[in-house]
Amino acid sequence: MWGGRFAEGPAAVMREINASIPFDKRLWRQDIAGSKAHVAMLAARGIVSGEDAQAITEGLSRVATEYEANGVPVRMDLEDIHMVTESRLAELIGPAAGRLHTARSRNDQVATDFRLWVRDAIDEVEAGLVALQGALVARAGEYADSVMPGFTHLQSAQPVTLGHHLMAYYEMLKRDRSRFADARARMNQCPLGAAALAGTGFPLDRHMTASALGFDAPTDNSLDSVSDRDFALDYLMAATQVALHLSRLAEEFIIWASQPFGFVSLPDAYSTGSSIMPQKRNPDAAELVRGHAGRIMGCMTALAVTMKGLPLAYSKDMQDDKPPVFEAHDLLGLCIAAMAGMVETVTFRTERMRALAESGFATATDLADWLVREADVPFREAHHITGRAVKLAEEMGCALAALPLADLQTIDARIHEGIYSVLTVDASVASRMSHGGTAPAQVRQRIAQANAELGAELGRTGS
């Protein structure tokens, strides 16, 4: 394609390092769509004849049919998906294929193809996240009243409901979806027509190609058009945040499935056994989700480091933009699907959760709050009184609710029998009626809102 300038062909190692077809063949659908839009615009502007444009369009459709049936041939001598497709087009329709590349460069071509691919990838992730949110909301609805220990520092802190805990991940994923939506809106401008870096002297209609490909508008600076990979970094940063959230949920499932906790039993479909210990049920799917988060973060870092020092406009380093995005997308899809499957099918051992919530003096804050409300004790003093009560319960080997009233009154005479109304875990969670609190009534209200949100989303997309 550029042999006129060179007397000799590239060395074998140069062919190997220079070729991107082993990975950028994934762009073939976007590449053909972009080429069809480009040639239609060229014909509309009188830059190529209608006859040639029709031959090119029909030929591209034939190439697409071949790729769909047999895959993209890996031709290292042709470097990339763009030249593999153009070469096959020439074999099918002859010299007219050479007019397709009029008024464009591989620089704006790949920038367009890659944006189209990332846009499609965002739509796939969005669908997966909505499904996972739906699974979380459904299980939260089952357990809106089920008490479990809430933790800080992985120490028992205050009772919460399992439904409330699961809905925390719904909120995380809601933010994740907003990041992808922002990234999609920001990237939805079309680079096609920027050519190599300076634009072109042909009378293009860039708005026509942008519209044909579903973009909001053409990009406004040709240099930026071919050298921008912010959209890929936006995708990877949003993917990293999702992976971090999935990793946290996976970590909780791993801990909860361990015998000391015993909060959940993971299904066979998402567990493995041991080759030597027949009693083992290993949470391998959750562990891999946790591990894949590191790989996805690594993909984001890899592209950021690649881009950090590149001068304008295009440099060959940018050929390495696609492997980390492709890898992260594949891993993220697996992680979302695996977590959705686990959430849908995990068995929650609510009796065990309640038993641990009732231990560890998780209602101590309720005792302190009662002193503030009922005895007009300043909170810091109430905190001190409650600490003494916890120490006494530890010494007696009983729960706070089991302490005799007389013993509590030796700590502070203002304590009366009404204290026992707040020392149960059920009373504790029921009292947390502040907006966003763990009270079952609040949890059910948020679940109803979430179902409405998801229903509106599914209605909007037609899913």
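Higher on the page you've got the structure.
What this report covers is the structure whose coordinates are included nearby. Keep in mind that what you see is a predicted model, and the values were worked out from it rather than measured.

So, unusual backbone geometry
Here the bond from Leu312 into Ala313 is cis, since omega is 5°, no more than 30 degrees from zero. A positive phi angle is found at Leu154, which is not glycine, with a value near 60°. Its location among the elements puts Leu154 in the loop between strand 1 (147-152) and strand 2 (155-161). You will see that Asp376, though not glycine, has its phi angle at about 55°, which is positive.

A short note on the packing of helix 11 (residues 284-307) against helix 12 (residues 322-345)
Across the interface, helix 11 lies against helix 12 with an axial gap of 9 Å and an inter-helix angle of 155°. Put simply, helix 11 runs roughly antiparallel to helix 12. Crossing of helix 11 against helix 12: the hand is left-handed. On helix 12, the residues that touch Ala285, Ala286, Val289, His292, Arg295, Ile296, Cys299 and Leu303 of helix 11 are Pro324, Val325, Glu327, Ala328, Leu331, Leu332, Cys335, Ala338, Met339 and Met342. The class makeup of the residues in the contact of helix 11 with helix 12 is 15 nonpolar, one polar and two charged.

Quick word on the environment of Val429
Among the structural elements, Val429 can be located in helix 17 (residues 425-431). Distance in space between the C-alpha atoms of Val429 and His207 is 57 Å, their sequence separation being 222 residues. Beyond its immediate stretch of four places on either side in the chain, Val429 contacts Val147, Pro159, Val160, Thr161, Thr438, Ala439 and Pro440.

Points about helix 11
For helix 11, built from 24 residues, the straight-helix expectation of 34 Å at 1.5 Å per residue is met to within 8% by its first-to-last C-alpha distance of 35 Å. Residues of helix 11 that are buried include every one of Ala285, Ala286, Val289, His292, Ala293, Ile296, Cys299, Met300, Leu303 and Met307, and no others. Structurally, helix 11 contributes buried residues whose contacts are with helix 9 (222-227), helix 10 (230-257) and helix 12.

Comments concerning the packing of aromatic side chains
Two aromatic rings are characterised by how far apart their centres lie and by the angle between their planes. Under the definition given, this model contains ten aromatic pairs. A centroid spacing of 5.5 Å and a plane angle of 80° characterise the contact between Trp28 and Tyr67, whose relative ring orientation is edge-to-face. Of this pair, Trp28 sits in helix 3 (residues 28-44) while Tyr67 sits in helix 4 (residues 50-70); the two residues are 39 residues apart in sequence, bridging distant segments of the chain. Of the two residues examined, Trp28 and Tyr67, each falls in the buried class. What links up through ring pairs into an aromatic cluster is the set Phe151, Phe253, Trp256, Phe261 and Phe263. In this structure, Arg119 packs its charged tip against the face of Phe215, placed 4.8 Å from the ring centre.

A short note on the nonpolar core
In terms of nonpolar packing, the biggest core is built from 102 residues, with Phe180, Tyr235, Leu246, Phe253, Trp256, Leu332 and Phe348 touching the most fellow members. Of all the elements, helix 10 adds the most residues to this core, at 16 residues. Setting aside residues no more than four positions away along its own chain, Phe180 makes contact with Ile122, Val125, Leu129, Tyr235, Ala238, Ala239, Val242 and Leu332.

Quick word on a nonpolar patch on the surface
A surface patch of nonpolar side chains, about 330 Å² in accessible area, is lined by Val13, Met14 and Ile17. Topologically, Ile17 is positioned in helix 1 (residues 12-18). Residue class for Ile17 comes out exposed when judged on its relative accessible area of 65%.

Topic: the packing of helix 6 (residues 106-142) against helix 10
Between helix 6 and helix 10, whose axes approach to 10 Å, the crossing angle comes to 20°. By the criterion of interaxial angle, the relationship of helix 6 to helix 10 is roughly parallel. Helix 6 and helix 10 meet at a crossing whose hand is left-handed. Facing Ala111, Phe114, Arg115, Val118, Ala121, Ile122, Val125, Leu129, Leu132 and Leu136 of helix 6, the residues of helix 10 in contact are Phe231, Ala232, Tyr235, Val242, Leu246 and Leu249.

Quick look at the pattern of salt bridges
In the structure shown here, the tally under the stated rule is 28 salt bridges. Ionic pairing is found between Glu453 and Lys174, a salt bridge with its closest N-O pair at 3.2 Å. With Glu453 in helix 18 (residues 440-461) and Lys174 in helix 7 (residues 162-187), this pair connects stretches of sequence that are 279 residues apart. On the accessibility criterion, Glu453 (29% relative accessible area) is partly exposed. Its relative accessible area of 36% is what places Lys174 among the partly exposed residues. Several salt bridges share partner residues, and in doing so they unite Glu171, Lys174, Arg446 and Glu453 into one network.

What counts, and at which threshold
- Starting from 1, residues in each chain are numbered consecutively following that chain's sequence as written.
- Side-chain atom pairs in this predicted model are given and counted only at pLDDT of 80 or more, local residue features only at pLDDT of at least 70, and totals for whole chains, interfaces and linings cover all residues.
- To get the side-chain values, take all heavy atoms of the structure and skip hydrogens and water.
- A run of H or I in DSSP counts as a helix once it spans at least four residues, and a run of E counts as a strand once it spans at least two, with each numbered from the N terminus.
- Lines are fitted to the C-alpha atoms to define the axes, a helix being fitted only along its stretch in contact, and any angle between axes, read from their N-to-C directions, falls within 0 to 180 degrees.
- Every angle not falling under 35 degrees, over 145, or within 65 to 115 is termed oblique; those three ranges are roughly parallel, roughly antiparallel and roughly perpendicular.
- Handedness of a crossing is defined here by the sense of rotation of the near helix relative to the far one, left-handed for an anticlockwise turn of less than a right angle and right-handed for a clockwise turn.
- Whether two residues are in contact is decided by their heavy atoms, any of which lying within 4.5 Å being enough.
- Lys, Arg, Asp and Glu make up the charged group, whereas Ala, Val, Leu, Ile, Met, Phe, Trp, Tyr, Cys and Pro make up the nonpolar group; the residues left over, Gly among them, are polar.
- One less than the residue count of a helix, multiplied by 1.5 Å, gives the span that helix is expected to have.
- Per-residue accessibility, obtained with a 1.4 Å probe over protein chains only, is compared with the maximum for each type, and a residue is labelled buried under 20%, exposed over 50%, and partly exposed between these values.
- Planes of paired rings set the category: under 30 degrees apart is stacked, over 60 is edge-to-face and the rest tilted, where pairs are Phe, Tyr or Trp rings (Trp by its six-membered ring) whose centres lie within 6.5 Å.
- Note on criteria: charge over ring means Lys NZ or Arg CZ within 6 Å of the ring centre, with the direction from the centre no more than 35 degrees off the ring normal.
- Residues grouped as a nonpolar core are buried Ala, Val, Leu, Ile, Met, Phe, Trp, Tyr and Cys residues, joined through side-chain atoms within 4.5 Å.
- Patches in this entry comprise residues that are over 30% relatively accessible and not in a salt bridge; like charges within 9 Å are linked, as are nonpolar side chains (Val, Leu, Ile, Met, Phe, Trp, Tyr) within 5 Å.
- Here the accessible surface of atoms and residues is derived via Shrake-Rupley with a 1.4 Å probe, and residues count as covered only by protein chains that are part of the display.
- Put simply, a salt bridge is a Lys or Arg side-chain nitrogen that is within 4 Å of an Asp or Glu carboxyl oxygen.

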